[in-house]
Amino acid sequence: MPNEEMVVTPWKVSGEIDYEKLIQEFGTQPITDELLEKIKKHTGELHLQLRRRIFFSHRDLDWILDMYEAGHRFVLYTGRGPSGPVHIGHLVPWIFTKHLQDVFGAKLYFQMTDDEKFLIHPEFTLERTNRIAYDNALDVIATGFDPKRTFIIMDSEQGGILYRLAVQVAKRITFSTVKAVFGFEESSNIGIIFFPAVQAVPCFIESAITGENTPCLIPAAIDQDPYWRVTRDAAPKLGYYKPAQIHCKFLPGLGKGGKMSASLPETCIFTTDPPEVVDRKIWNAFTGGRPTAREQRLHGGDPSICPIYYYYYYLFEDDDSKMKNLAEDCRNGEILCGECKLKLAERVKRFLAEHQRRREEARNRIEEYKFKEP
Ligand code: TYM
């Protein structure tokens, strides 16, 4: 059976993902060893997600670092489209963003696009996506961002500067551009056609508020890239710097192939999943193992297609030498899938217990984190 064609858009990711090809198609730059050395000067030891090339591509990251070295601070910007509960795939870029906030002391604008999710899902009401935005904000806060330097923008409540900047951006983007970039059609509602201007705004908020042109760096998975392409075209026309990006790969789902996606809940670990659900989902996961223990011992497994392996790799095993041993033991048939799954489930449950505790604590802190126009 031929492989399903690769599709990577902000609203759909499917097929086998070829990250090299995405770099070419999207016109981004790979993260080179040289660039990693440059980052290391500021961060000390490289973060796991850089060491393991989970963040693999960028635009203008070298420029952001040059500016920083020349004394220009930058702001960080990332976000969430609140259509349902947060899963551990979403946490991948957020954990990295927190790391950048810590080491560079940067402000973070975090956009909750309850408007986008309302516009894109025919059956969703704005009340529903706004309610989910508040729920998802608990996960953002639980990630540990600095309350003094983190500003959560609730799109549908914002108006003011968000709208003023959005129309500025919108005037510089044509319908034919967004049609080509996002695949909009005659039947697309005009809200979603305007929306890319809204997602562009947080790149410029700091500059607009302070009157000082301030570089912006966006950590996110590569599915969001189409937004930055149109934003980067508009930026110089408004007198702002083009926003820089650093792109990560997708944490896979627990099924065979494909990214973790809430539309397949059994293959998805939500941050609110109770321990017994985590146990069940991980136990039922697809692996790179053989059908029987005997065959596994004889022929070994294939970690390169195994979501269990990738969960250790992305989030749950910090130690590179242990990671290497795990891959070798799997290939040599020295470890069986059951054991590997049970160990992972323990780690995921420990992580989630702590995350859920912080999530509860976050309930009365949302106001503290919300962006308020000065
Ligand atoms: P959303 O809600 O689809 O995704 C939130 C963030 O999670 C990333 N992501 C993943 N990362 C790793 N593995 C996965 N399986 C995975 N699935 C999703 C996304 O790339 C994103 O970084 N339109 C946006 C909301 C938004 C935004 C932003 C995102 C507004 N401004 C700025 C990033 C940066 C959305 O719907 O994201």
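All figures in this text were calculated on a predicted structure; none of them were measured in a lab. (Residues numbered from 1 in each chain as written. Predicted model: local features only at pLDDT ≥ 70, side-chain atom pairs only at ≥ 80, totals over all residues. Heavy atoms only, no water.)

A. Just the overall build of the protein, in detail. In terms of regular secondary structure, the protein is built from 19 helices and nine strands. The C-alpha atoms of the protein give a radius of gyration of 21 Å, which matches the 21 Å a tight globule of 374 residues would have. A principal-axis box enclosing the C-alpha atoms of the protein has dimensions of 65 × 50 × 45 Å. A buried classification covers 51% of the 374 residues belonging to the protein. Pairs at least 24 apart in sequence give 77% of the contacts found in the protein among residues at least 6 apart. Counting every atom, the protein has about 17200 Å² of accessible surface; 51% of that belongs to carbon and sulfur. When the 49 positive and 53 negative side-chain charges of the protein are each reduced to one mean point, those points stand 1 Å apart. (Helix = DSSP H or I, 4+ residues; strand = E, 2+ residues; numbered from the N terminus. Rg over C-alpha atoms; globule rule 2.2 N^0.38 Å. Buried < 20%, exposed > 50% of the residue type's maximum accessible area, 1.4 Å probe, protein only. Contact = heavy atoms within 4.5 Å. Areas by Shrake-Rupley, 256 points an atom, 1.4 Å probe, with all protein chains shown as cover. Lys, Arg positive; Asp, Glu negative; His and termini not counted. Charge placed at Lys NZ, Arg CZ, Asp CG, Glu CD.)

B. Highlighting the pattern of salt bridges. Inspection of every chain in the model, using the stated rule, returns 28 salt bridges. Among the ionic pairs, Arg 347 bridges to Glu 317, the shortest N-O distance being 2.7 Å. Of this pair, Arg 347 sits in helix α18 (residues 337-361) while Glu 317 is found in the loop between α16 (307-316) and α17 (320-331), placing the two residues 30 residues apart along the sequence. The exposure class assigned to Arg 347 is partly exposed, which follows from its relative accessible area of 24%. By sharing partners, the salt bridges in this structure join Glu 354, Arg 357, Arg 358 and Glu 361 into a single network. (Salt bridge = Lys/Arg side-chain N within 4 Å of Asp/Glu carboxyl O.)

C. Representation of the site of the ligand in the model. Taken together, 25 residues form the shell around the ligand, and within it Tyr 77, Arg 80, Gly 81, Glu 116 and Asp 223 come nearest. Note that an oxygen atom of the ligand is positioned 2.8 Å from one of the backbone N or O atoms of Gly 81. The contact in question runs from a nitrogen atom of the ligand to an N or O atom on the backbone of Gly 89, over 3.2 Å. Relative to its free-state accessible area of 680 Å², the ligand is covered by the protein chains to the extent of 98%. Those elements that place two or more of their residues in the shell around the ligand are β5 (75-80), α5 (88-104), α6 (114-120) and β8 (216-221). Ranked by residues supplied to the shell around the ligand, first place goes to β5 with four residues. Class assignment of the residues belonging to the shell around the ligand gives a composition of nine nonpolar, ten polar and six charged. (Near = heavy atom within 4 Å. Polar contact = N/O pair within 3.5 Å; in protein donor to acceptor, adjacent residues only side chain to side chain. Nonpolar A, V, L, I, M, F, W, Y, C, P; charged D, E, K, R; others polar.)

D. Molecular detail of the sheet that holds strand β9 (residues 244-248). On the basis of which strands lie adjacent, the open sheet formed by seven strands has the order β3-β4-β9-β8-β5-β6-β7 and mixed pairing. With one partner strand each, in any of the chains shown, β3 (29-30) and β7 (150-154) form the two edges of the open sheet. Here β3 runs beside strand β4 (residues 55-59); their pairing, made up of two bridges, is antiparallel. Looking at the pairing, Gln 29 lines up with His 58 of β4. Helix α1 (residues 19-26) contacts β3 and β4 of the sheet and is inclined by roughly 5 degrees relative to β4. (Pairing = 2+ DSSP bridges. Axes fitted to C-alpha atoms, helices over the stretch in contact; angles between N-to-C directions.)

E. Examining the environment of Glu 34 more closely. Relative to the elements of secondary structure, Glu 34 occurs in helix α2 (residues 33-43). Judged by relative accessible area, Glu 34 falls into the exposed class, the value being 67%. When the C-alpha positions of Glu 34 and Asp 62 are compared, they lie 9.8 Å apart, and in sequence the two are 28 residues distant.

F. Representation of the packing of helix α9 (residues 160-170) against helix α12 (residues 202-210) in the model. Running from amino to carboxyl end, α9 crosses α12 at an angle of 110 degrees, the nearest separation of the two axes being 11 Å. When the axes of α9 and α12 are compared, the pair comes out roughly perpendicular. Remark: the crossing between α9 and α12 carries right-handed chirality. Between α9, through Ile 161, Leu 165 and Val 169, and α12, the contact on the second element is made entirely by Phe 204, Ile 205, Ala 208 and Ile 209. (Parallel < 35°, antiparallel > 145°, perpendicular 65-115°, else oblique. Left-handed = near helix turned anticlockwise from the far one by under 90°.)

G. Main features of a negative patch on the surface. A cluster of acidic residues, Glu 4, Glu 5, Glu 16, Asp 18, Glu 20 and Glu 25, forms a negative patch on the protein surface. Secondary-structure assignment places Glu 20 in helix α1. (Patch = residues over 30% accessible without salt bridge, like charges linked within 9 Å, V, L, I, M, F, W, Y side chains within 5 Å.)

H. Focus on the environment of Ile 17. Note that Ile 17 resides in the loop between β2 (13-14) and α1. Sequence separation between Ile 17 and Leu 48 is 31 residues; the distance between their C-alpha atoms is 21 Å. Among residues more than four places away in sequence, those in contact with Ile 17 are Met 6, Leu 22 and Phe 250.

I. Local environment of the packing of α16 against α18. Contact geometry of α16 with α18 gives a least axis separation of 10 Å together with a crossing angle of 35 degrees. Considering how the two elements wind past one another, α16 and α18 form a crossing that is left-handed. Within the contact between the two elements, α16 uses Ile 308, Tyr 311, Tyr 312 and Phe 316 and α18 uses Cys 340, Lys 341, Lys 343, Leu 344, Arg 347, Val 348 and Phe 351. Taken together, the residues of the contact of α16 with α18 sort by class into eight nonpolar, no polar and three charged.

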